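A closer look at the structure
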Amino acid sequence: MTMTTREQAIARDAADPLAPLRELFELPPGMIYLDGNSLGPLPRATPARLAQAITAEWGQGLIGSWNSAGWMELPRRIGDAIAPLIGSAIGQVVVADSTSVNLHKVLAAALRLAPPAQRRVILTEQENFPTDRYIAAETARMHGASLESCSAEGLDTALTSRPAVLLLTQVNYRTGAMHDMAAVTQAAHRVGTLVVWDLAHSAGAVPVDLLGASADFAVGCGYKFLNGGPGAPAFLWVHPRHADRAENPLPGWLGHAEPFDFTADYAPAPGVARFICGSPAVLSMTALECGVATLRAADAFGGMAAIRAKSLALTALFMERAAARCPGLRCVTPAARGSQVSFAREEGGYAIIRALITRGVIGDFRAADILRFGVTPLYTRFIDVWDAVEHLAEVLENGEWRQPRFAERLAVT
Ligand SMILES: Cc1ncc(COP(=O)(O)O)c(C=O)c1O
């Protein structure tokens, strides 16, 4: 295999159709930001839009802005902007709450849709993100069911016991391994199992086709590839075949068919809107709306197909360079992957990431032993990847990471 040179990386950036989109983000000079898969950077449009929402809509419009500024529409309006990114039609997605809360809502709804005789088990992966496991275990318990786990390889065998619900994160947060959504959903449906997909590392990162896969429910977060800012609200999708039957276990007033009738008893809104619970977090949603619009600017440059092509090229370059320059790292990201590259390293993983961050290369560490680097084709350049691996190689070669200051654990890794 011929190695990519630094000059070739620069040439690839010059020919990149997505290159103009980098200008849409506020990126600190000199920083190589490979953490958009944890927190997307600030879109340049967001501060002014937020300032307007605060000073004009809140400051001057006050309560009237619920009508005049369309605040009440935010959950559906942003849902509609997200819809094409995840293979949904308009009117099938709402933005609300956090991913964890939405997981509870859709898992409970799915359990209640399952035939009573099959309502015994939620199946998930041992390696799923912890919140998915915690929420699934408790939601199952509340319904007299239990959580069972399998490995990705053991999925087909585990399905033979016909769980009520299968909960999977499409792209694994540690390794970046990606499930074949259509194939897995089909296998689950063959045994009468409903499927809930967590798209936290998929939405805006890889093309997703929920309707094409005939999935049942999906959730995902707004702060990673959707650029909604720290703690941005999450989204929730329900297949239209379930949307008018599924029950929200948190039936709040804003999921009611007529909230302003203030009736004593709950009557769900038609469709996915019943999964809205309480008042939308207007300022956070305003920021998320800017973040999604920034991502959707890519529609004019080839959209998710172009993003995916560049993401695969960036991650391939990362793997190629790391294999050549960092023999002390073991790549754990397979060919079927999302938009990240991860390495396992028994010794010093956390300190290596801290040393890199000090050099301005931002990745993250996921316990117990994973160094994780996310690429975001809207602003990550080939030269960024090339240079990041050089920094990584130097940190490993010169033992820089062994400095005691890099071993000190911060609260957020
Ligand atoms: C796969 C996955 N699910 C859920 C979450 C957490 O979601 P939230 O904090 O929005 O509840 C994360 C956070 O990184 C995640 O990676």
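Residues numbered from 1 in each chain as written. Predicted model: local features only at pLDDT ≥ 70, side-chain atom pairs only at ≥ 80, totals over all residues. Heavy atoms only, no water.

Moving on to the overall build of the protein chain. Looking only at helices and strands, the protein chain has 14 helices and 15 strands in total. In terms of overall dimensions, the protein chain is globule-like: its C-alpha atoms have a radius of gyration of 22 Å, near the 22 Å expected for 413 residues. Overall size of the protein chain, expressed as C-alpha extent along the three principal axes, is 70 × 60 × 40 Å. Buried positions account for 55% of the 413 residues belonging to the protein chain. Taking as baseline every contact in the protein chain between residues at least 6 positions apart, the subset at least 24 positions apart corresponds to 73%. In the form shown here, the protein chain has an accessible surface area of approximately 16900 Å², with 58% of it arising from carbon and sulfur atoms. Side chains of the protein chain give 36 positive and 40 negative charges; the mean places of these two sets differ by 2 Å. (Helix = DSSP H or I, 4+ residues; strand = E, 2+ residues; numbered from the N terminus. Rg over C-alpha atoms; globule rule 2.2 N^0.38 Å. Buried < 20%, exposed > 50% of the residue type's maximum accessible area, 1.4 Å probe, protein only. Contact = heavy atoms within 4.5 Å. Areas by Shrake-Rupley, 256 points an atom, 1.4 Å probe, with all protein chains shown as cover. Lys, Arg positive; Asp, Glu negative; His and termini not counted. Charge placed at Lys NZ, Arg CZ, Asp CG, Glu CD.)

The subject of this paragraph is the side chain of Asp 13. Within the secondary structure layout, Asp 13 lies in helix H1 (residues 6–14). One buried charged side chain, Asp 13, makes no salt bridge at all; its nearest oppositely charged neighbour is Arg 381, positioned 5.2 Å away. Only 2.7 Å separates the side chain of Asp 13 from the backbone nitrogen of Phe 382, close enough to count as a polar contact. Among all residues touching Asp 13, those that are not within four sequence positions of it are Ala 19, Arg 381, Phe 382 and Ile 383. (Salt bridge = Lys/Arg side-chain N within 4 Å of Asp/Glu carboxyl O. Polar contact = N/O pair within 3.5 Å; in protein donor to acceptor, adjacent residues only side chain to side chain.)

Next up on the list: the packing of helix H5 (residues 99–113) against helix H6 (residues 130–142). For the pair H5 and H6, interaxial distance at closest approach is 9 Å and the crossing angle is 40 degrees. Judged on the interaxial angle alone, H6 and H5 are oblique. Of the two elements, H5 crosses H6, and the hand of that crossing is right-handed. Listed contacts from H6 to Ser 100, Leu 103, His 104, Leu 107, Ala 108 and Leu 111 of H5 are Thr 131, Asp 132, Ile 135, Ala 136, Thr 139, Ala 140 and Met 142. (Axes fitted to C-alpha atoms, helices over the stretch in contact; angles between N-to-C directions. Parallel < 35°, antiparallel > 145°, perpendicular 65-115°, else oblique. Left-handed = near helix turned anticlockwise from the far one by under 90°.)

What follows is about the domain arrangement of the protein chain. According to the domain assignment, the protein chain contains domain 1 (6–30 + 303–407) and domain 2 (48–297). If you average the C-alpha positions of domain 1 and of domain 2, the two centres end up 29 Å apart. Opposite the 23 residues of domain 1 that make contact, domain 2 presents 19 residues. Summing the contributions of domain 1 and of domain 2, the shared interface buries around 1700 Å²; its carbon and sulfur component is 66%. Broken down residue by residue, the surface that domain 1 buries against domain 2 is led by Met 304, Arg 308 and Gln 340, which jointly contribute 28%. At the boundary of domain 1 with domain 2, the tally comes to zero salt bridges. (Domains from an automatic or database assignment. Buried area = accessible area lost by both parts, 1.4 Å probe.)

This part takes up unusual backbone geometry. Put simply, Ala 367 and Ala 368 share a cis peptide bond, and its omega is 10 degrees. Summarising the element assignment, Ala 368 is placed in the loop between strand E14 (364–366) and strand E15 (370–374). Despite not being glycine, Leu 62 shows a phi value in the positive range, around 45 degrees. Within the chain, Asn 227 stands out as a residue other than glycine whose phi angle is a positive 60 degrees.

So, on to the sheet that holds strand E12 (residues 340–344). On the basis of which strands lie adjacent, the open sheet formed by four strands has the order E11-E12-E15-E14 and antiparallel pairing. Two strands close off the open sheet at either side, each with one partner strand: strand E11 (330–331) and E14. Relative to E15, E12 runs antiparallel, the two being bridged by five bridges. Each bridged residue has a counterpart across the sheet, and for Gln 340 the counterpart in E15 is Gly 374. Docked against the sheet, helix H12 (residues 303–325) engages E11, E12 and E15, running at close to 25 degrees with respect to E12. Contacting E14 and E15, helix H13 (residues 349–358) crosses the sheet at an angle of about 35 degrees to E15. (Pairing = 2+ DSSP bridges.)

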